[in-house]
Amino acid sequence: MPCFSQIFLDSGVYKFHCTQTNGMYSLCNVRGCMKDSNILCDYIVGKNQTCDKALCKKHAVEFKRGFHHCLDHHKMWLAEQKSNWRRKKH
Ligand SMILES: [Zn+2]
Ligand SMILES: [Zn+2]
């Protein structure tokens, strides 16, 4: 996602921010982390819906090339993979 917006921070410096499709500035969604994010969580939460949590590089887990999970969803995803695997394994 291209970064084209700038905002001024309290300290007087301005920063470039990546924008999401909704036009909101996107910072990493992890509490306490104020890093710019250019990754969205791809965990499927419903019909044609993904979590879309904004994540910085550090807080995104790439589970497939080009696909990412937030940390919470990655844990859930791993648990699902395990149970799927058990089910398949007769
Ligand atoms: Zn982060
Ligand atoms: Zn997520």
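None of the values given here were measured: they were computed from a predicted structure.

Novice: Sorry, what's going on with the overall build of the chain here?
Specialist: What the chain contains, in helices and strands, is one helix and eight strands. Taken from N to C terminus, the helices and strands of the chain fall in the order β-β-β-β-β-β-β-β-α. Expressed as a percentage of the 90 residues in the chain, the buried residues total 19%. Considering only intrachain contacts with a sequence separation of at least 6, the fraction spanning at least 24 residues in the chain is 25%.

Novice: Is there a simple way to think about the environment of aspartate 42 in this case?
Specialist: On the secondary structure map, aspartate 42 appears in the loop between strand E3 (39–40) and strand E4 (44–46). In this structure the C-alpha to C-alpha distance between aspartate 42 and histidine 73, which are 31 residues apart in sequence, comes to 9.1 Å. Not counting the four nearest positions on each side in its chain, aspartate 42 is found in contact with Thr50, Phe67, His68 and His69.

Novice: Looking at this structure, I do not really get the nonpolar core. What am I missing?
Specialist: Across soluble globular proteins, nonpolar side chains show a tendency to be buried alongside one another. By size, the foremost hydrophobic cluster in this structure holds nine residues: Cys28, Ile39, Leu40, Cys41, Tyr43, Ala54, Leu55, Ala60 and Cys70. Listing elements by their share of this core, those giving two or more residues are E3 and strand E6 (54–55). Apart from the residues lying within four places of it in its own chain, the contact partners of alanine 60 are Ile39, Leu55, His68 and Cys70.

Novice: Would you take a moment to explain the confidence of the model for the chain for this structure?
Specialist: When pLDDT is averaged across the chain, the result is 80; 70% of the residues are at 70 or more. Highest mean pLDDT in the chain belongs to strand E8 (residues 67–69) (96); lowest belongs to strand E2 (residues 14–18) (53). For the stretch residues 19–23, pLDDT sits under 50, and the model shows six contacts to residues farther than four places along the chain or on other chains.

Novice: Would you explain the pairing of strand E7 (residues 61–64) in this entry?
Specialist: Where E7 meets E8, three bridges bridge the pair, whose relative direction is antiparallel. From the neighbouring strand, valine 61 faces E8, where its bridge partner is histidine 69. Hairpin geometry of E7 and E8 is characterised by an intervening segment of two residues between the two adjacent antiparallel strands and by a positive phi of about 85 degrees at glycine 66.

The rules behind each value
Residues numbered from 1 in each chain as written. Chains lettered and ligands numbered in written order. Predicted model: local features only at pLDDT ≥ 70, side-chain atom pairs only at ≥ 80, totals over all residues. Helix = DSSP H or I, 4+ residues; strand = E, 2+ residues; numbered from the N terminus. Buried ≥ 20, exposed ≤ 12 C-beta atoms within 10 Å, placed from the backbone. Contact = placed C-beta atoms within 7 Å. Core = buried A, V, L, I, M, F, W, Y, C linked by C-beta atoms within 7 Å. pLDDT = per-residue confidence, 0-100. Pairing = 2+ DSSP bridges.

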